[in-house]
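# Summary of the model geometry
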Amino acid sequence: MTFYRALIETRAADAGRELGDAALTAFKEAVAPFSGAVSGGSSPFSWSARISVEAHGAADAVALAAALVTRLAADAGLPAWPVVRAEAVREDILAEDAARPGPAPA
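Residues numbered from 1 in each chain as written. Predicted model: local features only at pLDDT ≥ 70, side-chain atom pairs only at ≥ 80, totals over all residues. Heavy atoms only, no water.

### Focus on the sheet that holds strand β1 (residues 2–11)
The condition that has to hold: Two strands form a pair only when DSSP identifies at least two bridges running between them. Secondary structure elements follow DSSP: runs of H or I no shorter than four residues count as helices, runs of E no shorter than two count as strands, and numbering proceeds from the N terminus. Note on definitions: angles span 0 to 180 degrees between N-to-C directions of axes, and those axes are lines fitted to C-alpha atoms, for helices only across the stretch in contact. Pairs of residues are marked as contacts when any of their non-hydrogen atoms sit within 4.5 Å.
An order of β2-β3-β1-β4 is seen for the 4 strands of this open sheet, with the pairing classed as antiparallel. Only two strands of the sheet have a single partner each, and these edge strands are β2 (37–42) and β4 (83–90). On average, each strand axis in the sheet is tilted by 15° relative to the strand beside it, whichever way the strands run. Pairing between β1 and strand β3 (residues 45–55): 10 bridges, direction antiparallel. Paired with Tyr4 across the strands is Val53, a residue of β3. Most of the contacts of helix α1 (residues 21–31) go to β2, to which it runs at about 160°, and overall it touches β2 and β3.

As structure tokens, this is what we get:
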């Protein structure tokens with residue numbers, strides 16, 4: 001099993017509704033044990049979380065993260081908007097990518 005950093009992003013299918021600060025705070029606390037970070041916004045109406053999970057592969061990591069994040073979001077009181085982006089990157093690959101120098105300024 002390997003650690004992956006997974007992103008689960010949702011978006012309202014319509015105008016949506018404002019995200020309450022209390023719900024976002026509760027969501028942030030819920031994902032903290034998974035080295036989690038959350039965001040939420042109103043332009044567009046969305047919320048997302050990036051967490052660390054241990055899985056056999058990237059596909060398993062995405063499935064696990066999606067199930068976990070959507071459950072934690074519901075428990076925190078966030079709307080059950082459709083998932084529009086789900087991705088996972090092995091943590092060692094993510095670290096290599098972060099260490100790579102960016103393009104030279106023009």
